[in-house]
Each structure stands twice: as structure tokens, then as C-alpha cells.
Amino acid sequence: MAEELTPAAFDSAADAAGPDESEEPIKQRKNGLYPGVSDELAENMKSGWADTELRDLQPIPQAAETAARRAALSARFPGERLVIPAGNLKTRSNDTEYAFRASVEYAYLTGNQTEDGVLVLEPTAEGHEATIYLLPRSDRENGEFWLDGQGELWVGRRHSLTEAGTLYGIPASDVRELAGALREATGPVRVVRGYDTGIEAALTDKVTAERDEELRVFLSEARLIKDEFEIGELQKAVDSTVRGFEDVVKVLDKAEATSERYIEGTFFLRARVEGNDVGYGTIAAAGPHACTLHWVRNDGPVRSGDLLLLDAGVETHTYYTADVTRTLPVNGRFDAIQRKIYDAVYEAQEAGIAAVKPGAKYRDFHDAAQRVLAEKLVEWGLVEGPVERVLELGLQRRWTLHGTGHMLGMDVHDCAAARVEAYVDGVLEPGMCLTVEPGLYFQADDLTVPEEYRGIGVRIEDDILVTEDGNRNLSAALPRKSDEVEEWMASLKG
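Values in this document were obtained by computation on a predicted structure and should not be read as measured data.

Draft legend 1. Focus on the overall build of the chain. Helix and strand counts for the chain come out as 18 helices and 17 strands. Dimensions along the principal axes, computed over C-alpha positions, put the chain at roughly 80 × 55 × 40 Å. Expressed as a percentage of the 494 residues in the chain, the buried residues total 50%. Expressed as a percentage of contacts within the chain between residues at least 6 apart in sequence, the contacts between residues at least 24 apart total 68%. Carbon and sulfur atoms provide 50% of the accessible area of the chain, an area that totals close to 22,800 Å². Within the chain, one finds 53 positive and 89 negative side-chain charges whose respective centroids are separated by 4 Å.

So, in C-alpha cells, the structure goes:
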């Protein structure tokens, strides 16, 4: 990684700029190799650059959908100024930052993904007027484009404000002017908190936590039902995820020679080639690690005869993520006990998926899957029946632990801020997308189960879209039945 000249710009370059630009002089890196910038170099760097303005841009594919989302938001909060920030870069260590991911609320309403952006809806007599506030192109007069750590020669070209307006269908302005304007603003204001401390500070005497939470809840609930663009993106994410699982099966011999990290890295390659990233930390849990629900260390051995629980999802360039789990025999064949446990989880998942349909209670798929798991545990003599007693007391949870699914979308656990009555206690509607993922986990040190069960963890997870007449399994291309899993793995291994 190249050493930046400075974290901002040099004093000498700032001196050459106008009074506004030089108010905050750019400081030299403490241990930088260049002591400063000569007047001659500063002047040289101002000129000789081609016009690179993009004049043939088209609106982003989801521009109509983001406009409809902003219209719904406007209708919900008439007469109020609404402020939705993208967020800022976060330091990873010293002068390196984490990869930026815009806030879901901002990306959902704009389609834009750049740091420091802010969407503002100003109230009007007819509703609201939207403006997207962004950093403009780097200034070539004051040297910021080549001296600043976030200048374009360091981190890449930004869209001009004119270009941004065309892409997102929203007039664009300089975000550096926004905080001052917000301090002077009057009238009711709401802001999505937790992403931009500077914007929040500018509004500190104008907002309340309760009103801001209402805005956050509304935007979370708005995502419960996906539009056609979102459904297409979710299917795209799932399709890439399917290919990522195929990639993993093809290299299981290399994972055996190394560790779970090989599996994680293999899937990550697919996610980065076809998408933006992974939607969450990949769980590549082999052997007894499969009994740790969120095993993301992925540093353990991969052994023939063990099971591999792979829980992974590709995130598209528009931030929609898949969330799929398969539990696979490393050597391609389930043994008798593994198959017994796997088939029980498969039966529970089948019951859960069958319960996903419009008009059903959200909880129905969870209850259906949990009933099957409880029945199996009673049948195997691991817990005393009857099944109704087990379910009433939640005794099955020693071996199943988690809920059977969650909403899915731009977050892997999407719509998390929604009201309970709209989510967990709500009713399924067409356009909702959720996971169905029952599991059984017999910890290696669990003395209440037969020894041959210990260290076996199984989860099967699919992404299910509620349709007008039932549901569609978006991840149906990945086999689920135990014998079909074996056939699939054999075909991939050649």
C-alpha cells in the first residue's frame, strides 16, 4: 500500500488557494518522506488535466423504485424535514479504513452508496423536495485531489454533482454546506441516528429520540414487502450463492489439507467476483464447530467423515444478500447417525416451508418446524414427552437454540427495527422474503445424548419468497434431501 503524501494537504498548497479553502490548512504526515510542496509543483499540478465529465449517463436501474420509496416516506411525515445520512468512513487502524457500506436506510431511498452522503427531504406545500448532499469532485485548484488522503488520485474518481443528479434522479448539492444549513433550519426535523455524528450534532437541539425512532421504524417496516427490483436482486444474490457453494464442494480436498479458512476464502472469491461482498461473516464450521451457531473464526480442521455446516450469502452490488445454509458430508457420504439427524432437520424444514403463505401468521413456519424437531427428540428418547409439554416448556431448545428464520433483504436480518406487531406477531404478505432454517446441534460435551450424537450439528436454510398463492424457494437450485446432496456432491467432484 502506497504511503500517502498527507492525510489532508500541505500548508504551502493551502496558501495558494483562496481564503475559504485555506481556513483549514492541510497538515503534513508526521513521518512523510516529502517535507513540503514547492510553489512550482503546486502550480504545475493545477493544469494540464482533461475534461472527464460524464455526459451520457442514464439513471440507475432502481431509480423509479427509490422515487416511490421517497414518496411513501414523504406521505408518512408531511410538513417535517427528514434527514437520512449514509455514514462516514470508520478507521480500522491508524490511517486505514474499513470498506465503506452506506446505511441501509440511505441506500434504500437513493441507490447511492458513497460515504458522507446525506438525503434531505424538505417539506413543501405538495409534500417534500428531495436533495442528495454529496462530496463533489476533488478540487484541482487547492491541490486536494492529489494531496488529500481521500483525494481522487488516492481513492478514485467521484461523480460530479451534476452526474449524481442524473444517476439518482435527485438534485445534488455539496454536503460540506449541509451542517451549517441544518443548524439554521426551523420547523420539525427527524434524523436517522447512528451514522453521522456531525449531522446529528447540527440537529442536536431540533430532534428527539422518540421522533427519530419513529422514522427508523417506518423505514424498517417499509422494507418488509419487496418490490420487483428487490426480488430480482435477491434472486441474483441467491444464484451467485449457489455457485459459491458449488465452488466449495469442488475444493473440499484442499480444505482438508488446510483448514476451514480455505472454504471461507473460496466462497469469498465468488462473492467479490459476482457481487459486492459477502452479506455477513461466512460460517464454515466443520465437525463439532457446526454446533457453534455463529462460528466465524473458521480456523479449524476439515476432516473426512465429519460434516461441514456452510452458512454463507453473496451480497449484490445493490446490497441485497442471500442467506443459505447446507450441511455437507466432507467425504461426500452421510453415515447412519449423520443421516438420521440430517433427515430430521430436513423434515422440519419441509414443514416450515409449507407453512409460508399469504395470510399465515409469521410465527407459523417456526412453530411447524419446532414441532417436528420436538417429535424427533421425544422419539429418540432425548427428552420426555408428550410433545405438547416439550413445546410449552421449550425443552427442545437445548438442541435447537435459535428461531427458525428471519426477514431477509438489504440486511441479512432485515427489518430488525420494525414493530413486533408488524413483524414477529404479524401476518405474511406477498413480497415478503424470509429464511427457513431449522437446526439440531449436539454439543461435543453434552452428556445427555448418546456419544455418537455428540459433535454433530445440522442446519438447512433456504430463502423463501411469499407469493400470491404460496411461496417460492429462491434457493431451490441447491439440493436439500440427503441422497440428492450426495449425488450433487459426487457430480461436482467428478
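That was the structure; now back to the text.
Draft legend 2. View of the pattern of salt bridges. Under the counting rule described, the total for this entry stands at 35 salt bridges. Among the ionic pairs, Arg193 bridges to Asp212, the shortest N-O distance being 2.6 Å. Of this pair, Arg193 sits in the loop between strand 7 (189-191) and helix 9 (197-202) while Asp212 sits in helix 10 (residues 209-222), and the two are 19 residues apart along the sequence. The class for Asp212 is buried, based on a relative accessible area of 3%. We note a salt bridge from Arg371 to Glu388, for which the minimum N-O separation is 2.8 Å. Taken as a pair, Arg371 in helix 15 (residues 364-379) and Glu388 in helix 16 (residues 387-393) lie far apart in primary sequence, 17 residues in all. Look at Arg371 and you get partly exposed, because its relative accessible area is 32%. Residue Glu388 is classed as partly exposed on the basis of its relative accessible area of 47%. Taken together, the shared-partner salt bridges connect Glu80, Arg190, Arg211 and Glu214 into one network.

Draft legend 3. Geometry of the UniProt feature "domain: Aminopeptidase P N-terminal" (unreviewed entry) in the chain. In the numbering adopted here, UniProt assigns the feature "domain: Aminopeptidase P N-terminal" (unreviewed entry) to residues 61-200. Across residues 61-200 one finds 34% helix and 22% strand; the C-alpha atoms that close the span lie 31 Å apart.

Draft legend 4. Region of the structure containing the sheet that holds strand 7. As summarised here, the arrangement of the 5 strands in space is 6-5-4-1-7, forming an open sheet in which the pairing is mixed. The sheet terminates laterally at strand 6 (172-174) and strand 7, the two strands that pair on one side only. Across this sheet, the average inter-strand angle for adjacent strands is 25 degrees, counted without regard to direction. Helix 10 contacts strand 1 (81-85) and strand 7 of the sheet and is inclined by roughly 55 degrees relative to strand 7.

Draft legend 5. Focus on the sheet that holds strand 10 (residues 307-312). The sheet built from 3 strands is open, its strands ordered 9-10-12 with antiparallel pairing. Because the sheet does not close on itself, it has two edges, and the strands there are strand 9 (283-286) and strand 12 (324-329). Ignoring which end each strand starts from, the neighbouring axes of this sheet average 10 degrees apart. Inspection of the sheet shows strand 10 paired to strand 12 by 6 bridges, in the antiparallel sense. Paired with Leu307 across the strands is Pro329, a residue of strand 12.

Draft legend 6. Examining the domain arrangement of the chain more closely. As far as domains go, the chain holds domain 1 (57-223) and domain 2 (228-493). Look at where the C-alpha atoms of domain 1 and domain 2 centre, and you get two points 35 Å apart. In this assembly, 16 residues from domain 1 lie in contact with 16 residues from domain 2. Between domain 1 and domain 2, a total of about 1,400 Å² is buried, with carbon and sulfur atoms accounting for 50% of that surface. Broken down residue by residue, the surface that domain 1 buries against domain 2 is led by Arg101, Glu221 and Arg223, which jointly contribute 38%. At the junction of domain 1 and domain 2, the tally comes to 4 salt bridges. The residue Arg223 makes a salt bridge to Asp414 at a minimum N-O spacing of 3.2 Å. Between the two partners, domain 1 and domain 2, sit 11 residue pairs in polar contact (both at pLDDT 80 or more). Put simply, the parts of the chain that give the side of domain 1 that touches domain 2 at least two residues each are helix 3 (63-76), helix 4 (104-110) and helix 10. With 4 residues, helix 10 is the largest single contributor of residues to the side of domain 1 that touches domain 2. Looking at the side of domain 1 that touches domain 2, its residues break down into 7 nonpolar, 3 polar and 6 charged.

What counts and what doesn't
- Residues numbered from 1 in each chain as written.
- Predicted model: local features only at pLDDT ≥ 70, side-chain atom pairs only at ≥ 80, totals over all residues.
- Heavy atoms only, no water.
- Helix = DSSP H or I, 4+ residues; strand = E, 2+ residues; numbered from the N terminus.
- Buried < 20%, exposed > 50% of the residue type's maximum accessible area, 1.4 Å probe, protein only.
- Contact = heavy atoms within 4.5 Å.
- Areas by Shrake-Rupley, 256 points an atom, 1.4 Å probe, with all protein chains shown as cover.
- Lys, Arg positive; Asp, Glu negative; His and termini not counted.
- Charge placed at Lys NZ, Arg CZ, Asp CG, Glu CD.
- Salt bridge = Lys/Arg side-chain N within 4 Å of Asp/Glu carboxyl O.
- UniProt positions renumbered as here; feature names shortened; annotations may be inferred.
- Pairing = 2+ DSSP bridges.
- Axes fitted to C-alpha atoms, helices over the stretch in contact; angles between N-to-C directions.
- Domains from an automatic or database assignment.
- Buried area = accessible area lost by both parts, 1.4 Å probe.
- Polar contact = N/O pair within 3.5 Å; in protein donor to acceptor, adjacent residues only side chain to side chain.
- Nonpolar A, V, L, I, M, F, W, Y, C, P; charged D, E, K, R; others polar.

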